[in-house]
Amino acid sequence: MSRRTTGRAGHRIAVVGAGMAAARFAERYTALGGPGRVTLYGAEPRAPYSRVLLADVLTGRYGADDIALPTGGAALRTGAEVTALGPGALTLDDGTRAPYDTLVIATGANPVLPPVRGLRGPDGELVGGVHSFRTVADSTRLAADAAHATRAVVVGGGVLGVSAARALAALGLPVEIVHQAPHLIERHLDEEAGAVLRTRLAALGVETYPGNRARALHGTHRVSAVELASGYVLAADLVVLACGVRPRTGLARAAGLPVRAGVVVDGTLAVTGQPPRGEPAVYAIGDCAEHRGTVHGLAAPAWEQADVLAARLSGADPDAVYTGTRPLSRLTAGPLEYAAFGDPTAEGPGVDVLRLADATRATYKKLLLRGDRLVGGVLVGDLATVGALTRAYLRDDPLPGSLAPLHLLTTQGAAR
Ligand SMILES: Cc1cc2nc3c(=O)[nH]c(=O)nc-3n(C[C@H](O)[C@H](O)[C@H](O)COP(=O)(O)OP(=O)(O)OC[C@H]3O[C@@H](n4cnc5c(N)ncnc54)[C@H](O)[C@@H]3O)c2cc1C
């Protein structure tokens, strides 16, 4: 991709997918004065929105329109599923072709459906009362169903499962989480943090069954129970599947682009392997992109990738490079609030561990330090120090000199 081509007025940038990464790219590209014409093609029937706030839509705290994201005035085609890519033009599901000069793939991810017997009814659809949770449409259907349900089970105790369980409990339903791993949110939390979160969920009326796998659903037209691998049966007329996501790579694969877990990109966010001479450059960002072997599946890396690509393509910083995002996971869900930096279990030679647990207040804090740098950690229940820690962690700065490490764990030492 030469700077000359992207810098031309009228240059057509097609973005496949109108989700969080696409919206951020369009907004930044425009804000940076990019001269091209950006068009977002989205399969969903609505403008881009923040999925991070979907649990709040489920509880009714926000309406679907309240969580819309800015797109910098980019052209937007909603309800437009792209069925084939390039070279040089997209094909849409109504058969029309849309030419482009540069292509950005931002197709996100699909929920993974677990291998559970009885998931689908005779018509091949999910049986009544069973939901995945990825879109506003999912959220609307789930809220309508929850209004008539009496007991809910959430299959999967990752971030999504915990958020969904909290939202359903807020709607007044008794909720149980079935989680295959030994503790909640095992991708980001250590065992103690998972246990504190479980206590906090119990206080909201949510029971958790870690180390348990859902084996089958009972009920032909509507779910009536979830059967665990242990043989235990949980009565439920509402089930939410929160078993992770898989990058949407079908289009890229069909177009012959390099795909492993995600669409493989380099530091410029270009899909690796240069396009043949004369063909438009292709980029990928967000949940569908794999950079240095990592598919993040989180909003912050999606935004960081979008920012780098917007800086490059707008001409504001043609040499911007994405070098990866330090793993940082946050749930801002009232009493379930937590922050996890890197891998909180990565203890080892040269790493100092500070740990502070308060069983009465159900709080837990742990920091892993290599010298004066934060290399991992987790805060559950008391996030007074999260601002200072996040800044130091993301920049790989020394921890603030004015604050001794122990103070960083305690509320008094909080730098806001
Ligand atoms: C309920 C929920 C809560 C979450 N909470 C958090 C959180 O607290 N923190 C966090 O960091 N992350 C969270 N995430 C993850 C975060 O939302 C994603 O990382 C983020 O949305 C990724 O953005 P994206 O643009 O890559 O994908 P998406 O936002 O999924 O957007 C992809 C879009 O592309 C569209 N699309 C796909 N294929 C096509 C096609 N062929 N043609 C047209 N359009 C297509 C899809 O319909 C979709 O609208 C949460 C996700 C969910 C579902």
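Predicted model only: the values in this text are computed from it and were never measured. (Residues numbered from 1 in each chain as written. Predicted model: local features only at pLDDT ≥ 70, side-chain atom pairs only at ≥ 80, totals over all residues.)

### Here we look at the sheet that holds strand E21 (residues 328-331)
On the basis of which strands lie adjacent, the open sheet formed by five strands has the order E21-E22-E25-E24-E23 and antiparallel pairing. Lying at the two open borders of the sheet, with one neighbouring strand each, are E21 and strand E23 (352-358). The sheet shows a mean angle of 10° between the axes of neighbouring strands, direction not considered. Of the strand pairs in this sheet, strand E22 (residues 338-342) and strand E25 (residues 373-380) are connected by five bridges, and their pairing is antiparallel. Bridge pairing links Tyr338 to Val380 in E25. Relative to E25, helix H9 (residues 386-395) is tilted by about 145°, and along the sheet it contacts E21, E22 and E25. (Pairing = 2+ DSSP bridges. Helix = DSSP H or I, 4+ residues; strand = E, 2+ residues; numbered from the N terminus. Axes fitted to C-alpha atoms, helices over the stretch in contact; angles between N-to-C directions. Contact = placed C-beta atoms within 7 Å.)

### Here we look at the nonpolar core
Counting residues in hydrophobic clusters, the biggest one holds 67 residues, and the most contacted among them are Ala152, Val154, Ala164, Leu197, Val239 and Tyr338. Examining the composition of this core, we find that seven residues originate from one element, helix H5 (residues 159-170), more than from any other. Among all residues touching Tyr338, those that are not within four sequence positions of it are Ala193, Leu197, Leu331, Val378, Leu379 and Val380. Counting residues in hydrophobic clusters, the runner-up holds 51 residues, among them Leu103, Ala106, Ala289 and Val308. (Core = buried A, V, L, I, M, F, W, Y, C linked by C-beta atoms within 7 Å. Buried ≥ 20, exposed ≤ 12 C-beta atoms within 10 Å, placed from the backbone.)

### Side note on the pairing of strand E7 (residues 102-105)
Side chains Thr102 and Val104 project from E7 onto one buried face, and the interleaved Leu103 and Ile105 project onto a second face that is buried too. Pairing analysis gives four bridges linking strand E1 (residues 12-16) to E7, with the strands arranged parallel. Bridging from a neighbouring strand, Val16 pairs with Ile105 of E7.

### Examining the packing of helix H2 (residues 20-31) against helix H8 (residues 299-314)
Between H2 and H8, the least distance of the axes is 8 Å, while the angle of their chain directions is 35°. Crossing angle aside, the handedness with which H2 passes H8 is right-handed. Of H8, the residues touching H2 (which contributes Met20, Ala21, Arg24, Phe25, Arg28 and Tyr29) are Ala299, Ala302, Trp303, Gln305, Ala306, Asp307, Leu309, Ala310, Leu313 and Ser314. For the contact of H2 with H8, the residue count by class is 11 nonpolar, two polar and three charged. (Left-handed = near helix turned anticlockwise from the far one by under 90°. Nonpolar A, V, L, I, M, F, W, Y, C, P; charged D, E, K, R; others polar.)

### Things to note about the environment of Val52
Residue position: Val52 is located in the loop between strand E2 (37-41) and helix H3 (54-59). Along the primary structure Val52 and Ser163 are separated by 111 residues, whereas in three dimensions their C-alpha atoms are 9.6 Å apart.

### Topic: the sheet that holds strand E3 (residues 75-77)
Consider a sheet: its strands pair through backbone hydrogen bonds, and that pairing is either parallel or antiparallel. One open sheet holds the five strands; their spatial order is E3-E2-E1-E7-E19, and the pairing between them is parallel. Of all strands in the sheet, those bounded by a partner on one side alone are E3 and strand E19 (281-284). This sheet shows a mean twist of 20° between the axes of neighbouring strands, independent of strand direction. As judged from the three bridges shared by E2 and E3, these two strands associate in the parallel manner. Counted as the bridge partner of Thr39 is Ala75 from E3.

### A short note on the site of the ligand
In the neighbourhood of the ligand, 37 residues make up the surrounding shell, with Gly17, Gly19, Arg51, Gly108 and Gly286 lying closest. Secondary structure elements with two or more residues in the shell around the ligand: H2, H3, H5 and H8. Here the residues of the shell around the ligand are counted per class, giving 23 nonpolar, eight polar and six charged. (Near = placed C-beta within 6 Å.)

### As for the pairing of strand E4 (residues 82-85)
In summary, the side chains of a regular strand alternate between the two faces of the sheet. For E4 and strand E5 (residues 89-92), the ladder comprises three bridges, and the chain directions are antiparallel. Paired with Leu85 across the two strands is Leu90, which belongs to E5.

### Comments concerning the domain arrangement of the chain
Domain boundaries assigned for the chain yield domain 1 (3-110 + 245-314), domain 2 (130-241) and domain 3 (337-413). In this assembly, nine residues from domain 1 lie in contact with 12 residues from domain 2. (Domains from an automatic or database assignment.)

### Regarding unusual backbone geometry
A cis amide bond, omega 0°, links Gly86 with the succeeding residue Pro87. The residue Pro87 is located in the loop between E4 and E5 in this model. A positive phi angle, near 45°, is found at Ile185, a position not held by glycine. On the basis of neighbour counts, which here come to 25 C-beta atoms within 10 Å, the residue Ile185 falls in the buried class. Phi is positive for Asp396, which is not a glycine, with a value near 55°. Looking at the element boundaries, Asp396 is found in the loop between H9 and helix H10 (405-409).

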